[in-house]
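If you want the building blocks of each chain, they are given just below.
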Amino acid sequence: MMSEIRLIGEAPSFLEILEHVSEVAPLDKPVLIVGERGTGKELIAARLHFLSKRWENIYLQMNCAALNDELLESELFGHEAGAFTGAMKRHEGRFERANEGTLFLDELSSTSMRVQEKILRVIEYGQFERLGGSRTLDVDVRIVAATNQDIQTQAREGHFREDLLDRLAFDVITLPPLRERAEDILLLAEYFAMNMVSELGREFFAGFEDSAVEALKSHHWPGNVRELKNVVERAVYRSRGEPVESIVIDPFESPFRPGKPQSESKNDESNLELPIDLSEEVAKFETGLLQRALDEAKHNQRTAAKNLGLSYHQFRHRLLKYKLLDEA
């Protein structure tokens, strides 16, 4: 149902995408969705279906990167009994089952030229044959495809069929990464937090402390909305019902992690040969600690300051003193 498709955001770039989806959804044309991992391509594809005139018919999805070429071809187009070893009975593929509905093909750029050629034929003529079969089947399927790759470059370099790209790109919806939707970070974080609170059976969400808000706002979010969801759910679970104070971006971070470089000896001063410039050596030591604190806090200055026992303003003063402020 449409109510189950939660696309949350108030950023202008996000609202423009929703308007774009509403405009193209009623058309019986292929649509290509482009975006980084975790930006919500699956949700946009589902919205395209449920806003179309096919909304009462079947909606199927297929991750094209999840199977090897032979299995993917069988899953998309089906096979007859005996088509290959282990094919004991006839199998109807996704195209056949999605007749009169919508088929979402995720990670389409990972498919082989053979599969691409058969998809092109379905788009152009609405026809295909099952593997091992000779009977041509007719289908009426709207294709929505998605990729997180530079598919235009792949086509120019001969790794993706240009004619298929032309047909898929009747309209292209390019999703903005979360870092370009700064206004939506806290909005999404609160939504994910409330859902996690409900899942844990707690009565209410105690909120985010200022330090947590700062950490959420300052992170670059290379994993986009999916990464934000994981980080927030982990923080809420670990908060034990208290306000969320600490945001752990990397759950693998630990001083005991295998392969982590060992800390330098605390007695490094014993390796120094006198005479030395004390001010210079103190500056080197302090700069190293400041940089390490920034790195371990994922450049969250408030967290780094706390880890060094400094106030935020004291920490900022030292960054300015050692000309680290621009890097931070």
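For the structure itself, consult the block above.
Note that the coordinates shown come from a computational prediction; the quantities given were computed from them, not determined experimentally. (Residues numbered from 1 in each chain as written. Predicted model: local features only at pLDDT ≥ 70, side-chain atom pairs only at ≥ 80, totals over all residues. Heavy atoms only, no water.)

### As for unusual backbone geometry
The cut-off we apply is this: Helix and strand assignments come from DSSP, with helices taken as H or I runs of at least 4 residues and strands as E runs of at least 2, each series counted from the N terminus.
Its identity as a non-glycine residue notwithstanding, Glu 100 has a phi of 70°, on the positive side. Among the secondary structure elements, Glu 100 is positioned in the loop between α4 (94-97) and β3 (102-106). Phi at Asn 224 is positive, roughly 60°, even though this residue is not glycine. On the secondary structure map, Asn 224 appears in helix α10 (residues 224-239).

### Thoughts on the side chain of Asn 224
Heads up, the condition is: Burial here depends on accessible area, computed with a 1.4 Å probe over protein chains only, as a share of the maximum for the residue type. Under 20% is buried, over 50% is exposed, and the range in between is partly exposed. By the criterion applied in these results, polar contacts are pairs of N or O atoms within 3.5 Å in which, for protein atoms, one can donate a hydrogen and the other can accept it, and in which residues neighboring in sequence qualify only through two side-chain atoms. Should any heavy atoms of two residues lie within 4.5 Å, those residues are considered in contact.
For Asn 224, a relative accessible area of 0% gives the class buried. A distance of 2.9 Å separates the side chain of Asn 224 from the backbone nitrogen of Leu 178, its partner in a polar contact. Among residues more than four places away in sequence, those in contact with Asn 224 are Glu 36, Arg 37, Gly 38, Thr 39, Pro 177, Leu 178 and Arg 179.

### A closer look at the packing of helix α11 (residues 278-296) against helix α13 (residues 312-321)
Rule in force here: For every element, the axis is a line fit to its C-alpha atoms; helices are fit only across the contacting stretch, and the angle between N-to-C directions ranges from 0 to 180 degrees. In this scheme, roughly parallel covers angles under 35 degrees and roughly antiparallel covers those over 145, while 65 to 115 is roughly perpendicular and the rest are oblique. Take the far helix as your reference; a near helix turned counterclockwise from it by less than a right angle gives a left-handed crossing, and one turned clockwise gives a right-handed crossing.
Following both chains from N to C, one finds α11 and α13 inclined at 120°, their axes separated by 11 Å at the closest point. When the axes of α11 and α13 are compared, the pair comes out oblique. The chirality of how α11 crosses α13 is left-handed. Here α11 contributes Glu 286, Leu 290 and Leu 294 to the contact with α13, which in turn contributes Phe 315, Arg 318 and Leu 319.

### Thoughts on the nonpolar core
Quick note on the threshold: By nonpolar core is meant a set of buried Ala, Val, Leu, Ile, Met, Phe, Trp, Tyr and Cys residues that side-chain atoms within 4.5 Å join together.
In terms of nonpolar packing, the biggest core is built from 30 residues, with Leu 76, Phe 95, Leu 105 and Ile 119 touching the most fellow members. Ranked by residues supplied to this core, first place goes to helix α5 (residues 113-125) with five residues. Beyond its immediate sequence surroundings of up to four residues, Ile 119 is in contact with Leu 76, Phe 77, Phe 95, Leu 105, Leu 108, Ile 143 and Leu 164. Grouped together as the second largest cluster of nonpolar side chains are 25 residues, Ile 8, Leu 228, Val 231 and Val 236 included.

By themselves these figures say nothing about function.
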